[in-house]
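Topology and contacts: notes
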Amino acid sequence: MKPVSLTRREFLQSTAGTAAAFAPFPYKRFLDQADLSAGGGPVPSWAAKPMRWMQLTLVEDDPAHFDLAFWLGYFKRSRSEGVCLSGGGCVAYYPTEIPFHHRSAWLGSRDILGELITGCRQLAMSVLVRTDPHATYDDVQAAHPDWIAVDADGKPRRHWASPKMWVTCAYGPYNFEFMTAVHKEIMSRSLADGIFLNRWDGNGVCYCVHCKENFKAATGFDLPRSTSSEDPARRAWMGWRQQRLLSLLDIWNAAIRTINPEACMIPNNGGGALNPLDTRETSRRAPMLVADRQARRGLAAPWLIGKTAREFRATMDTKPVIGLFGVGLEEPYRWKDSVTSNAEIRIWVLDAIANGMRPWCSKFSATLHDERWLNGVEEIYQWTDRNRHYLTHQQPLARVGLVFSQQTAWYYGDEHAESRVENHALGWCQALIESRIPFEMVHDQLLDAAHLGHFKTLVLPNVAALSDAQCDQLRTFVRSGGSLIATYETSLYDEQGKRRTNFALGDLFGIDFAGKIEGPMLNSYIRLEHQALPHHALFAGLEDAPRIINGVSRLLVTPRERFAEVPFTLIPSYPDLPMEKVYPRTAKTDISCLYLRQPAGRVAYFPFDIDRTFWEVLCADHLKVLRNTVLWANNEPPIVEVDGSGLLDVTVWRNPGSITIHLVNLTNPMAMKGPYRTFFPVGPHTVRLSLPSELKPTHARLLVAESDVELSRSGTVLFVHVPSILDHEVIAIDL
């Protein structure tokens, strides 16, 4: 069963301009060997080389029964090349000489950290030392009460999970002075390659004396009591917090580099639009970053780790992006010593690898309460080692860029950023993956030609908050032949979240804001104008559908011009109860639900929340509309097509001397609620790859099946047959 009725090839043949009419291989430059590089800047070998990492997060009683030989043996068997070891902060695992730096009560005369580092260095591993400064003890609170975080009522904060401990202030002398000394001591003793920072960035607003004084001096405001970004003090605090934390990173980096000039702090913080720290700044300061998304939880999709990989890569360029995964259940109940199914671990890690991440296995506690994860992780790591030639120095060949906006989340989404921002993006991710369209994430602060040059189409999923300068960059992209798809309130707000009187991109969309938002709309529909536009490309897979469901919220807009193509029109809401009254009051309007223009590149604007609604209800008709719109906007032969059954995450990479195509089989009844129990094989599949005639494939191999595969070619299209996919397959084509 195909995802929709038409393949991409059939779709392209149904459009007014066939594939032959397109400019031949506009992505050829991206395929050229000369475009490849090993990194966007100098990356020390300790960060550039490791393809597999292990993290051993010690608990305080581990020194009493720690099996050093076992863990060093496991690192060797799994062919791990980098390791992250617990060092200090909350608990020191070495004989620290810093006052108030709490040694493990079970440490005795041992130096567990030193023993581990010595063994790992003998295995030629890169070494990071983990610190966690977010909690401390009664002696610290008694001697330095100003180091403790304070709540809005003026009370020192007890730890929420360990009530005998205290929460520290991240923005004052505990981090800036005490932890600086800790980091220097660790570096002096261990000569580690860097420090991995866990829970270093605070726990919301702190009302301690230092925060009060520093914030007032920097901004003129008292600390905010509101959580709304419309509060000037709250907005000022958001900027002040970022400045404090970034300056803290700079201080820590400077301190450890006096001991090891190539060392670096690796901050553990999130990616994507909902990250409260500017990811461009953390990316600039680090030679690698670790995406701590350990496993699925709730209704999270298995491709979510791939989305995270793309988000980190948007600001890291070609620096290593590391995917930190756990082996347990990731639910609110915090079962930290649990072990989930091997299938669940595999699908998460394999999708991370397929999306360019280097795996990092995080194990809590050196005590093995449950050993069932060991063989599975070892197997994945050994496979990546055997195939490292095809997994390094990669550049994605995706032609679609999905824009994410931290400033939209901060200043427009605010307390509702998940529903107002993230869910729009998740809808597009689901649609693109179901449609097998490779895509990358694009940071909205990186819309210059250097970052957009490889994309044909940009998708703006309710990217509401955009500056005038950002809008000018998008206009330049379209004038240069790029295509743009936007939804709902995109560009209706400035970069500070203030609503404009009109869309800043209204000239591209061809419409003006009429000043009203309608919603939530109940029982509203979209009419497909088959009679006016027979066989239109936007109707692919919907040829027998006279109407489909609408979204939930829409903007009232006024067209600036007469649109040549109006494929979808509004059927307004009508009563849904009592049942006798459920009939349309207006059967037909001339109100468009999709505005299509071709000023240079192609532009499509949805004045409603089709992407967010799709994520909520997963309507197949919305999937087809989103997919068709992307194909219409791209208006070029797709670089890769995959025919065959199943839900596949398809990624395509250019490596030195090869092209690799990853096919991750997400087909599973547990795909939207974990954990996976087992895998359900799909196939066969026919994979078509468009290649310039001057690129000559010499050999192809299926890396998971470990078998050579025949290639056939017709003109510029290369054909590969994949018999079956259990969980993951990689087509490696040598050039």
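Residues numbered from 1 in each chain as written. Predicted model: local features only at pLDDT ≥ 70, side-chain atom pairs only at ≥ 80, totals over all residues. Heavy atoms only, no water.

A short note on the sheet that holds strand E21 (residues 595-597)
Which entries qualify depends on this criterion: DSSP-based pairing: two strands are paired if at least 2 bridges between them are found. The helix count covers DSSP runs of H or I at least four residues long, the strand count covers runs of E at least two residues long, and both are numbered beginning at the N terminus. Each axis is a line fitted through C-alpha atoms, taken for helices only over the stretch in contact, and angles between the N-to-C directions span 0 to 180 degrees. Contacts are residue-level and defined by heavy atoms, with any inter-residue pair within 4.5 Å sufficient.
Sheet architecture is open: six strands sit in the order E13-E12-E14-E15-E22-E21, paired in mixed fashion. Each end of this open sheet is capped by a strand with a single partner; those strands are strand E13 (439-443) and E21. Direction aside, the axes of adjacent strands within the sheet are offset by 20 degrees on average. Bridge count for strand E12 (residues 400-404) against strand E14 (residues 457-460) is three bridges, and the pairing is parallel. Each residue of the ladder has a partner; that of Gly 401, found in E14, is Leu 458. Against the sheet, helix H17 (residues 468-479) engages E14, strand E15 (483-487) and strand E22 (603-606), with an angle of about 145 degrees to E14.

Brief notes about the pattern of salt bridges
The condition that has to hold: Salt-bridge detection follows one rule: a side-chain nitrogen of Lys or Arg within 4 Å of a carboxyl oxygen of Asp or Glu. Three labels apply to residues, based on accessible area from a 1.4 Å probe with only protein chains included: buried if under 20% of the type maximum, exposed if over 50%, partly exposed otherwise in between.
The final tally for this structure, using the stated rule, is 41 salt bridges. For Arg 52, the salt bridge goes to Glu 81, with nearest N and O atoms at 3.2 Å. Taken together, the residues span a long stretch of sequence, with Arg 52 in the loop between helix H3 (45-48) and strand E1 (53-57) and Glu 81 in the loop between helix H4 (68-77) and strand E2 (82-89) at a distance of 29 residues. For the pair shown, Arg 52 and Glu 81 are each scored as buried. Of the charged contacts, one joins Glu 281 and Arg 285 as a salt bridge, the two residues approaching to 2.7 Å between their closest N and O atoms. Linking Glu 281 with Arg 285, this pair stays in helix H10 (residues 279-285), spanning four residues, or about one helical turn. Among the residues examined, Glu 281 registers a relative accessible area of 22% and is labelled partly exposed. Several salt bridges share partner residues, and in doing so they unite Arg 52, Arg 79, Glu 81, Asp 385 and Arg 388 into one network.

Topic: the sheet that holds strand E7 (residues 264-267)
The strand order E7-E6-E3-E2-E1-E10-E9-E8 describes an open sheet built from eight strands, whose pairing is parallel. Single-partner strands in this sheet number two, and they are E7 and strand E8 (289-292). Neighbour to neighbour, the strand axes of the sheet diverge by 30 degrees on average, direction disregarded. In this structure, E2 lies alongside strand E3 (residues 126-132), joined through seven bridges in parallel fashion. By the bridge assignment for E3, Gly 82 is matched with Ser 126. Of the strands in this sheet, strand E6 (194-197) and E7 are in contact with helix H9 (residues 232-257), which crosses E7 at around 145 degrees.

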